[in-house]
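# Survey of secondary and tertiary structure
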Amino acid sequence: QVQLVESGGGLVQPGGSLRLSCAASGMISSINSMGWYRQAPGKQRELVAVFTSGDSTNYADSVKGRFTISRDNAKNTVYLQMNSLKPEDAAVYYCYAYRYLYGAAYWGQGTQVTVSS
């Protein structure tokens with residue numbers, strides 16, 4: 001099993017920045033992919049940014065150039081630095097991890113990001 005705990009959400013004005021953190025615990029050595037999804041009210045959950053195999057990353061087109069995913073392997077933590085935030089970035093952000101060998105996906109509890117003046 002893998003446990004994921006997010007932190008760092010909150011209220012920010014348009015153009016502002018936030019950094020989300022996701023700390024992983026449990027069977028972390030077998031995690032193959034880890035990153036962030038988001039879900040806005042009335043919309044489907046969508047990929048924001050993830051590490052795929054190795055150090056490869058995948059970003060949603062809507063966040064490229066504004067968001068950066070990074071990780072600290074010593075702390076088993078993945079970060080999402082969000083700059084130039086827009087009202088349409090407002091959503092619940094979920095940390096995600098996947099173990100290919102077991103075909104298992106794991107989700108954090110979510111952290112709310114609100115972008116409003």
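In what follows, the structure referred to is the one given above.
Every residue gets a number counted from 1 within its own chain, in the order that chain's sequence is written. Predicted model: local features are reported for residues with pLDDT of at least 70 only, side-chain atom pairs are reported and counted for 80 or more only, and whole-chain, interface and lining totals are derived from all residues. Each side-chain value is derived from all of the structure's non-hydrogen atoms; neither hydrogens nor water enter the calculation.

### Comments concerning the sheet that holds strand β8 (residues 77–82)
If you walk across this open sheet you meet the four strands as β1-β3-β8-β7, and the pairing is antiparallel. Single-partner strands in this sheet number two, and they are β1 (2–7) and β7 (67–72). Across this sheet, the average inter-strand angle for adjacent strands is 20 degrees, counted without regard to direction. Paired strands are those between which DSSP finds at least two bridges. The helix and strand labels rest on DSSP assignments: H or I over at least four residues marks a helix, E over at least two residues marks a strand, and numbering proceeds from the N terminus. Relative to β8, strand β3 (residues 18–26) runs antiparallel, the two sharing six bridges. Among the inter-strand pairings, Ser 21 is bridged to a residue of β8, identified as Tyr 79. Whenever a helix is involved, its axis is fitted only over the stretch in contact; in every case the axis is a line through C-alpha atoms, and angles between N-to-C directions fall within 0 to 180 degrees.

### Considerations on the packing of aromatic side chains
The criterion for an aromatic pair is that two Phe, Tyr or Trp rings (for Trp, the six-membered ring) have centres within 6.5 Å, with stacked assigned to planes under 30 degrees apart, edge-to-face to planes over 60 apart and tilted to the rest. Evaluation of the coordinates by the stated rule reveals six aromatic pairs. Consider the rings of Tyr 37 and Tyr 96, whose centres lie 5.1 Å apart with planes at 55 degrees: the pair is tilted. You can see Tyr 37 sitting in strand β4 (residues 33–39) and its partner Tyr 96 sitting in strand β9 (residues 91–99), a full 59 residues away along the chain. Relative accessibility decides the category of a residue: with a 1.4 Å probe and only protein chains considered, values under 20% of the type maximum give buried, values over 50% give exposed, and everything between is partly exposed. According to the relative accessible area criterion, Tyr 37 is buried, its value standing at 19%. Tyr 96 gets classed as buried once you look at its relative accessible area, which sits at 12%.

### Describing the pairing of β9
With respect to burial, β9 is a largely interior element, seven of its nine residues being buried. Examined bridge by bridge, β4 and β9 share seven bridges and lie antiparallel to one another. Bridge pairing links Gln 39 to Val 92 in β9. Looking at chain direction, β9 and strand β11 (residues 111–115) are connected through three bridges and run antiparallel.

### Re the side chain of Thr 111
Within the secondary structure layout, Thr 111 lies in strand β11. Reaching out from Thr 111, the side chain makes a polar contact with the backbone nitrogen of Gly 9 at a distance of 3.2 Å. Contacts are assigned to residue pairs that have any heavy atoms within 4.5 Å of one another. In this structure Thr 111 touches Glu 6, Gly 8, Gly 9, Leu 20, Ala 91, Val 92 and Tyr 93, once residues within four positions along its chain are discounted. We define a polar contact as two N or O atoms separated by no more than 3.5 Å, with the added condition that, inside protein, one atom must be a possible hydrogen donor and the other a possible acceptor, whereas residues neighbouring each other in sequence contribute only through side-chain atom pairs.

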